[in-house]
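Structure assessment
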Amino acid sequence: MKKEIIMGEQTAEFVPRIGVVICDCGDKISGVLDTEALRKKVADQFEVVYSVRDTYPCSKDGQERIQKAIVEQHLDRLLIAGCSPRLVEKLFRQAVQPAGLDPSYLNVINIREHVAYVNAGDPAAVSKANGLIEMGTARLATTSLAPSHTGRVVKSALVIGSGLSALTVALALADGGIRVTLVEQTGALGGSVPDLQVRTLELIFEKSQTVLKHPMIDTLFNAYVSEVSGHPGDYEVRIQHGDQTTTYAIGAIIVDNGAQHKKLGASRWFDRNKVKTQAEFEAELEEATEPGKMLELNDIVMIFCAEETQLERCSRVCCNIGIRQAIRTKQLNPDANVTVLFRDLYLGEVGGAHEVEFMEARKMGVTFFRYRRDRPPVIGDKTVDVLDTLTGEPVRVPFERVVLSMPLIPYDNAKTLAALLGLPQDDAGFLAEPRMRLRPGRYADPGIYVLGSAQQPADTTEALFQAYLTSSRTARFLSQETISVQTPVASIDPTLCTGCGNCPQVCPTLAIHLEKRDGVLSLSEVDDLRCIGCGNCVVVCPVKAISLPGWDNIEIPAQISAALQRRQNGGVKVIALACEWSAYAAADMAGTRRISYPSNVSILRMNCSARFDPYHILWAFLNGAEGVFLGACPPGECHYGTGNLYARERVEKLKKELSAHGINPRRLRLEFMTLENGEKFAQAVTDFVTDIQSEIYRK
Amino acid sequence: MIHLTIDDKPIEVAENRTLLEACREHGIHIPTLCYHPALEPYGGCRLCVVELSQPGRRSRLVASCVYPCEEGVVVKTNSETVIRSRRMTAELILAGSYHTPEMLALGEELGVKEVRFKLPEENACVLCGLCVRACKEIVGVSAISVIQRGIAKKVATPFQVTSSRCIGCGTCVLICPTGAFKFESVTGFQYVSPLESAYRLGYYRLGGELDLRPHFVQDVAELLISMKEEE
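Each chain has its residues counted from 1, following the order in which its sequence is written. Written order determines the labels here, with chains lettered from A and ligands numbered from 1. Per-residue local features are limited, in this predicted model, to residues with pLDDT of at least 70; the limit for side-chain atom pairs, both in listing and counting, is 80 or more; totals at the level of whole chains, interfaces and linings are taken over all residues. Hydrogen atoms and water are omitted, and side-chain values are computed over all heavy atoms in the structure.

Once that is clear, we can look at the overall build of chain A. Elements are defined by DSSP. Helices are runs of H or I of four residues or more, strands are runs of E of two residues or more, and each kind is numbered from the N terminus. A count of helices and strands for chain A gives 21 helices and 32 strands. Seen through its C-alpha atoms, chain A measures out along the principal axes to roughly 100 × 60 × 50 Å. Looking at chain A as a whole, 59% of its 699 residues qualify as buried. Contacts in chain A between residues at least 24 apart in sequence constitute 72% of all its contacts with a sequence separation of at least 6. Accessible surface area values rest on a Shrake-Rupley calculation with a 1.4 Å probe, where residue burial reflects the displayed protein chains alone. Of the roughly 28500 Å² of accessible surface on chain A, 51% is carried by carbon and sulfur atoms. Positive and negative charge centroids in chain A, built from 76 and 84 side chains respectively, lie 5 Å apart. Buried, partly exposed and exposed residues are distinguished by accessible area as a fraction of the type maximum, computed with a 1.4 Å probe on protein chains only: under 20%, between the cut-offs, and over 50%, respectively. The contact rule is simple, with two residues in contact once any of their heavy atoms fall within 4.5 Å. As used throughout, the charge tally considers Lys and Arg to be positive and Asp and Glu to be negative, leaving His and the chain termini uncounted. Working definition for charges: the position is that of NZ of Lys, CZ of Arg, CG of Asp or CD of Glu.

Turning our eyes to something else, we now look at the confidence of the model for chain B. Residue and element names in this part refer to chain B. For chain B, mean pLDDT is 80; residues scoring 70 or higher make up 80% of the total. Confidence scores here are pLDDT values: one per residue, from the predictor, ranging 0 to 100. Scored below 50 in pLDDT, residues 189–218 shows 58 contacts in the model against residues more than four places distant or in partner chains. Scored as a complex, the prediction yields pTM 0.70 and ipTM 0.75.

Residue and element names in this part refer to chain A. When helix α12 (residues 353–363) is considered as a whole, its buried residues turn out to be H354, E357, F358 and A361. Projected onto a plane normal to the axis of α12, the buried residues spread over an arc of 100 degrees and lie on a single side. Turned more than 90 degrees from where α12 packs its buried face, V356 and K363 sit exposed. Packed against the buried residues of α12 are α11 (318–332) and β17 (367–370). Looking one or two residues beyond α12, the residue adopting positive phi is G365, at roughly 100 degrees. Taking the helix axis as origin, the arc is that swept by the directions to the C-beta atoms.

Here the focus is a nonpolar patch on the surface. Exposure above 30% relative accessible area and the lack of any salt bridge qualify a residue for a patch; like charges then connect within 9 Å, and the nonpolar side chains Val, Leu, Ile, Met, Phe, Trp and Tyr within 5 Å. Any carboxyl oxygen of Asp or Glu within 4 Å of a side-chain nitrogen of Lys or Arg constitutes a salt bridge here. Taken together, the side chains of M88(B), L92(B) and F117(B) present a nonpolar region at the surface, about 260 Å² in accessible area. Along the chain, M88(B) turns up in helix α2 (residues 80–94).

Here the focus is the pattern of salt bridges. Residues and elements named next belong to chain A. Counted by the stated rule, this structure contains 29 salt bridges over all chains. A salt bridge links R328 to E286, with the shortest nitrogen-to-oxygen separation between them at 3.3 Å. Linking R328 in helix α11 with E286 in helix α9 (residues 278–289), this pair joins segments that are 42 residues apart in sequence. Where salt bridges share partners, they join D24, E36, R39 and R53 into one cluster.

Below, the discussion takes up the pairing of strand β11 (residues 244–250) of chain A. Residue and element names in this part refer to chain A. Strand pairing is assigned whenever DSSP detects at least two bridges linking the two strands. Relative to β11, strand β10 (residues 234–241) is paired through 7 bridges, and the arrangement is antiparallel. For E236, the partnering residue across the bridge sits in β11 and is A249. In this structure, the hairpin formed by β10 and β11 is closed by a connection of 2 residues, where G242 is found at a positive phi of approximately 65 degrees.

So, about the packing of aromatic side chains. One pair of aromatic rings is described through two measures. These are the centre distance and the angle between the planes. All names here are of chain A. Each aromatic pair joins two rings of Phe, Tyr and Trp (for Trp, the six-membered one) with centres within 6.5 Å, and gets the label stacked for planes under 30 degrees apart, edge-to-face for over 60, and tilted for any other angle. If you walk through the whole model with that rule in mind, you get 5 aromatic pairs over all chains. Here the aromatic rings of F342 and F368 are separated by 6.2 Å at their centres, their planes lie at 70 degrees, and the arrangement is edge-to-face. Residue F342 is located in strand β16 (residues 337–342), and its partner F368 is located in strand β17; the two are separated by 26 residues in the primary sequence. The two residues F342 and F368 agree in class, both being buried.

On to the sheet that holds strand β29 (residues 574–579) of chain A. All names here are of chain A. If you walk across this open sheet you meet the 4 strands as β30-β29-β31-β32, and the pairing is parallel. The strands lining the two open edges of the sheet, one partner per strand, are β30 (601–606) and β32 (668–672). The mean inter-strand angle of the sheet, taken between neighbouring strand axes irrespective of direction, is 20 degrees. Note on geometry: axes are lines fitted to C-alpha atoms, helical ones only across the stretch in contact, with angles between N-to-C directions running from 0 to 180 degrees. Against the sheet, helix α18 (residues 583–592) touches β29, β30 and β31 (627–632), its axis set at about 110 degrees to β29.

Right, here's the structure in full:
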């Protein structure tokens, strides 16, 4: 068989006993489709040993009938053709379990929203429903068991860094009875304190004294993390500590390596002796405060948001530092002219302390000019030119000293940590959350937390809030006895794996790593508890050694073949691979809204667009599909990180190959849509089918 | 087994069934709005009312989705009282959603000829609570709930800010019978820009600039050649 040649795998000898339940849904399905004809058709299939029509299989009586059928007919696979699995799959999974059927052998397919609601009156509707049912049985005939995985949780936490938020988290966790290991790269606690506030320094001093005395906290100075392995709840962390390396068993990892003020280099555009950063000016002020010294500056210009990037990403601390410095300058030298040029003021602190400071600065006579984004201030030899937005007139301010607020940037070791822990970095290099929209503060790996300015610039209040939030999240995570994963996870056949190293690179959660085999070759291994089942590794494996139950290399081609077998009167055959978080849900929405689209589209439910395998797309084309439609989440909204971007890249690459080999690349289309976009799905599919039809006519 | 009479038909049902389930099981249509087979009954919309008579008691209207089957009761699902009650309920629901096509269709089915009461502010949400219950029972995250009371009652996230519990599955959007549910209100508008750098990092994490992706070229070529040979 062709399939076996391509996939390099053999189907087992075992013949499953499949039961099929076709739902009438009152008359919602049976009113449009001849469900009895569907039942007769599916009963002809070789593996189907039992088939029945039911008015409401979802009712309590219906569930009991299903359980009875499983027991009496010795069914080991069950297909339910009814409404959207997104709503009723959980119900049926719970229903089949007492009858002794594993939920991974249950398949719910949607002939209501995907057929009855959208293709009412279409003579091809029955054949479409029939095709969907055949796809369902084809999947069941080839699927394999997806066991659930559990792992232990070690009640200890590792805190990297010793800034304010790190100390707060360490104390909160240690007080809750969790053993904490605190790793500090330098010889002292405290971190960088980007907001340069005495209040914060006092707080840090107080906390570090408590941390050093706390019996539940081990503090390691001059130490850094050299290696991390294991899975959430049970990491093995190697820490380089002075000359020695120690291995710790850690349950959760909290990263707070902080951020620093960007340094200002020498420039030929201005006199570096007159132009200082806030940190440098702070030192000058400190010096001037000493007895016998005084501030000998009369004209001081402060420029906030000195770097273009700060307009996009507020550094959070500089406005407050600047206003405080303006007040101190005025206190030291009441005759000084202090001018503040700002783009926008961030004065956010709970209790409004910074608002008070701002008002105070204005009362003391500090001048504020707001400048426009497209007209930034220009520093000359002795003056700064700025366009005041209030009057719309250019202003020339003389200066003896210009103070620039430099942006906060991550430390260099953020990159190392990102690689070590599998954390994403944003454009500025911060360890940003991958799915801010869906789960703020959460990373792909549930045992890893990033807080404070390591994640994004944060002021003291924000850092404290984040610290308490993270400590409660960590405590909740560590309070579990075991953690378990119910979703299907990938597994690698060690006899087939060649150790090429493709899969560890594309894994969004670093669940795969290479292991030594016989000391020479290496092979990959999947960490069951870290795998989220996106299927990206299955696609990149060159020898197809990786399997993912439910979305495997046998199941998907089998479903595609089944979908393409159905006869159509003159229409084109189109198969749609739809990510269940976006396009599949959008198709459901189109059904609920009764937006019709051509009946010759068979929708195949996929877990993620990362699993859109070029081989499967080829398989569809080689088996007579006129078009392959792919539906994925919009960029940035993938539930598995960046699966949709991989899909986009693969499709672009595949299109070139297709055109080079005589297949019109327009027969393959990838569309991004959100799950609400029922209209878009229907529209995109309709356009695609029309396009393909015109292409075929042109031939 | 419990024996009861529904619409003059003697019926036998298993224990722990509601009247609605018994009716659906025997092909008697009862209009519902807040009922979903995958969820626990809620008894919110009162469209499923039926007339229940027990020996020695006056007949009364009960919500069939939450009322358990009892031995010997006589149930009427299409008596004049029932029809009038449903029509009134539908009209009152329509008062706040008189342009929603799904609700208009329902009103038509139940014989509402004219909506006499119209709220000044229309809202397609009819507070059936399906989204809230689906989020709790199907998805298991409880990211949304019904907040406030009376006329101000609405479905929202806690404190009406973007929910961090939401996993973005969209079950709420899918289950909404009137299409009122706005997904942005839960997930918020902050779309993350695609983390191209992270994705690049993933691609080239170990191999540096070396592209280690699998090559489809040979495979495609081989496949096509084998196809041609077969032909």
